[in-house]
Each structure stands twice: as structure tokens, then as C-alpha cells.
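A closer look at the structure
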Amino acid sequence: MATVWFACTKSSKPKDSETIETSNDIQMPSFPTDGDGYLMSRERVNLLQANTSSDMSPQPATRGLQQEAPHVTATVSLTTYRRSENPYDVIVEAQACDVGWFGQDCKLQCHCTNNKCADNGTCINGSRCKGEWFGPACQYQDLAIIYTAKSPFVRQLCNASEANQRNEVSWKIPYPFTFMWVKFNPDTKQLTSNININITDGNSTCDMIYQSAISQDTVEFRCRTTVNMTRLVLSGENVKNICNVYISGGRNVAVKQSASQDSTYTDYGGSSNASNAVDGNRNRDLFKGSCMHTKKQTGDQPHYWTVNFSGEEYRINRYVLYSRWDTYPSTTCCPKRISGFTLTSWNNKGDQVFTYTAPEALALVHTVVSGSRDVAGVNVTLDVDYLNFCEAEVYGVA
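Presented here is a report on the structure given in the accompanying data block. (Residues numbered from 1 in each chain as written. Predicted model: local features only at pLDDT ≥ 70, side-chain atom pairs only at ≥ 80, totals over all residues. Heavy atoms only, no water.)

Moving on, we get to the state of the cysteines. Taken as a whole and assessed by the stated rule, the structure comprises 7 disulfides. Between the sulfur atoms of C206 and its disulfide partner C223 the distance amounts to 2.1 Å. Across the disulfide from C206 to C223, rotation about the S-S bond amounts to roughly -125 degrees, and the bridge is consequently left-handed. Of this pair, C206 sits in the loop between β12 (196–200) and β13 (209–213) while C223 sits in strand β14 (residues 218–223); the two residues are 17 residues apart in sequence, bridging distant segments of the chain. Taken individually, C206 and C223 each receive the classification buried, so the pair is uniform in this respect. (Disulfide = S-S within 2.5 Å. Helix = DSSP H or I, 4+ residues; strand = E, 2+ residues; numbered from the N terminus. Buried < 20%, exposed > 50% of the residue type's maximum accessible area, 1.4 Å probe, protein only.)

Here we take up the packing of aromatic side chains. In total, this model carries 12 aromatic pairs according to the counting rule given. Relative to Y246, the ring of F134 has its centre 5.4 Å away and its plane inclined at 20 degrees; by these criteria the two rings are stacked. With F134 in strand β8 (residues 133–134) and Y246 in strand β16 (residues 242–247), this residue pair connects regions lying 112 residues apart in the sequence. Neither F134 nor Y246 differs from the other in exposure class; each is buried. Here W305 and F389 contribute two aromatic rings whose centre-to-centre distance is 5.3 Å and whose plane-to-plane angle is 80 degrees, an arrangement assigned as edge-to-face. A residue pair is termed long-range when its members are at least 10 positions apart, and W305 in strand β20 (residues 303–308) and F389 in strand β26 (residues 388–397) qualify at 84 residues. With respect to class, W305 is no different from F389; both count as buried. Between the NZ or CZ atom of K256 and the centre of the ring of W101, over which it lies, the distance is 3.8 Å. Positioned above the aromatic ring of Y395, the side-chain terminus of R318 is 4.1 Å from the ring centre. (Phe/Tyr/Trp six-rings, centres within 6.5 Å; stacked < 30°, edge-to-face > 60°. Lys NZ or Arg CZ within 6 Å of the ring centre and 35° of its normal.)

In C-alpha cells, the structure reads:
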């Protein structure tokens, strides 16, 4: 996250009692202005919030920065301002997200193709949600893409067969169904007529489905109560007009959250910090600087890695851990350094709400489905020489 200085006007002169820091080392870029003295820009700066401690205030026509820099998306505070020798009287300090990130504190990851996101995460310049993502700002993972064993809906281009009146999405592991989006051919009339939806895990079935329009060609469906799902069957005449089905696996609420671990391995000269496991990077090569790694165990206590959600609780139903898998020194290393891990989660009261111990088996990806739990933090422990993995994703909803 970078610091950006930009200019705005003030509503009145500062009072004599106000403290205004003067500085001669402010490097002001050369900004062209329009006839009214406001900044001109090809990109609009999105001011999410402005907190003022005096009569200083931004003007609504603050039009952004004339530079191809990351968008300003974090909270803007007017408590930090300086005099300027430029025509603008006030210089405001704001935080700009790095490319590929947006939102308050830059904690939301852009999932648009080519990382082309607007300040609010909307895909721009012809980009769209990457393959496994959908929903508002592309923040929800699509189970129909990542876990489907049988599905006719893999990003079709609205060219389904006229004779097709039944389609099925299924997988083996029961997963809590929260909602799905169904995208129809744009020419379809009465989108939800002549279509039947059956969601089941073989034991329980979604007995009532709520629906709401997302756009002219997309409808959201929800069950009255949470149902574990292994199969979704769509039937009826209107099935032939369906282009895509997106089944929500939740959004990753762990990314950029506060993380800690019992120790940090430093002997190889790279970064092995706890935060690496929630940086949004699934790269499994330790030497790319995106994996957590503890020091060698020296006592009887197991290693631990923890992420907490800063006092927030989320309704969590799935955990995904990515093993380290590189070729140092000469063979595949080191998925065993997470094999047999124990995962626990707790709520804001400190009560344990879920625990799971993985089998001692090597795997590239460990997926743990928990059922819906209110979670404020997650702990991973392992009683071996090292604890080492490259990304932890925790999926759910606020």
C-alpha cells in the first residue's frame, strides 16, 4: 500500500489556533487543472470516507490523480494536511492500494482478468471475473467450477441445445448451500418460469427457494434454510436457455488478516512470515517468498500458525490449505510439513466451534468442510520438526 499526496481545495482559511505542518520536502507531481481549478484525471479517485478535525473539507469535484497509479480506496483522513506553494491550499494524504487490491485497508483482492478492477472491484476495460470467481466484485468462489464432478455449465456462451431440458451439477462431499446465480440467454422471457430446481445431499432437500433478480439476465436463488448439497438438478423447458450456473462457496475472509506463528525460519534468506499464508498468493515455492515457515522444533510444544479476524465473526463453512511443493534441494519438498495438521476455530467468546485433524497423507491442497460456524479466528498446529505451508483460505460470509 503506497502513500499518495493529492490536492484539494478548502472551504475556508485555517484558524490561527490550528496547527498546520509546513514542509519543504513535499514532492508534488505536476497536475493539470480544468477552468475551475480542480484536478483533471483519466481515473476517478474513490473517497470512501472523510474524517475532518477542523473546517477543512474535500470538494465533491475532487476528480482524482493524473497518473496511472493504484486507485485511492482506503479511508482518507483530513487530519493530515500541509500548506502548499501550489495553487491548491491543502495537500491531503491518502493510501492507495497496490495493483490487484482494493477496498478499505486494501484487503480485497481483485479477481478480474488481467487485474483490471475499478475502485469498488468492478471489472473494467473489457475484463471479467476469473474462472473460479463470480458475484459482487468477483469475491465469491464458484463451486460449480472447482469441485464439480459432473456439470454441463462450464462458462457456456448461451448456446445450449434446444432439446436440453434437464441438467445436473454434482460432487461427492456435502457442502452447505447458501446461494447460486443462474445466468440465462439475454433473449429469455420470464426467466424463472418453466424451470424446476432440486438441491439435495440425499437426506435433506431445499424445500423452498427464494429468488431475486441480479440483472436482466441473472437470477439469485436461496433456500429457506441451509441445506448440505451434493447434487443440483435443473429441469423444465427453460433449462435450454441457461448459460451458466454459479454455486457459491463463499468468499475468502482470511486474506490480509492478522496472522502469527510460534517462530519464523530465516536460514534461507527469504521471507517466511506468518502473513505470507494470507497474502492471496497460492504459489507453492518457498523461494518465491509467499510461504510461512517455522524454525525447527526444539521443545515439546507443537508448532502453531494463527489467523484472527480482528474482532469480526464470519459464518465459515470451508478451509483450504495449500502445501509447499517445490524442488529444493533436488526432490519434491515439502508437503509433509503440513501432513497430519490439526485445525481449530473459535468464536468471539473464545469458544472452540470446530476442530479437525487431517490424515498423515501428502496432498497439494487440503480442503476441510466444516458446516456453518461463526468464526473469529483459526489455528493450525503440527507436532513435527517444521510447520510449513503456503496459503490458508477461509471461506464463508459476513
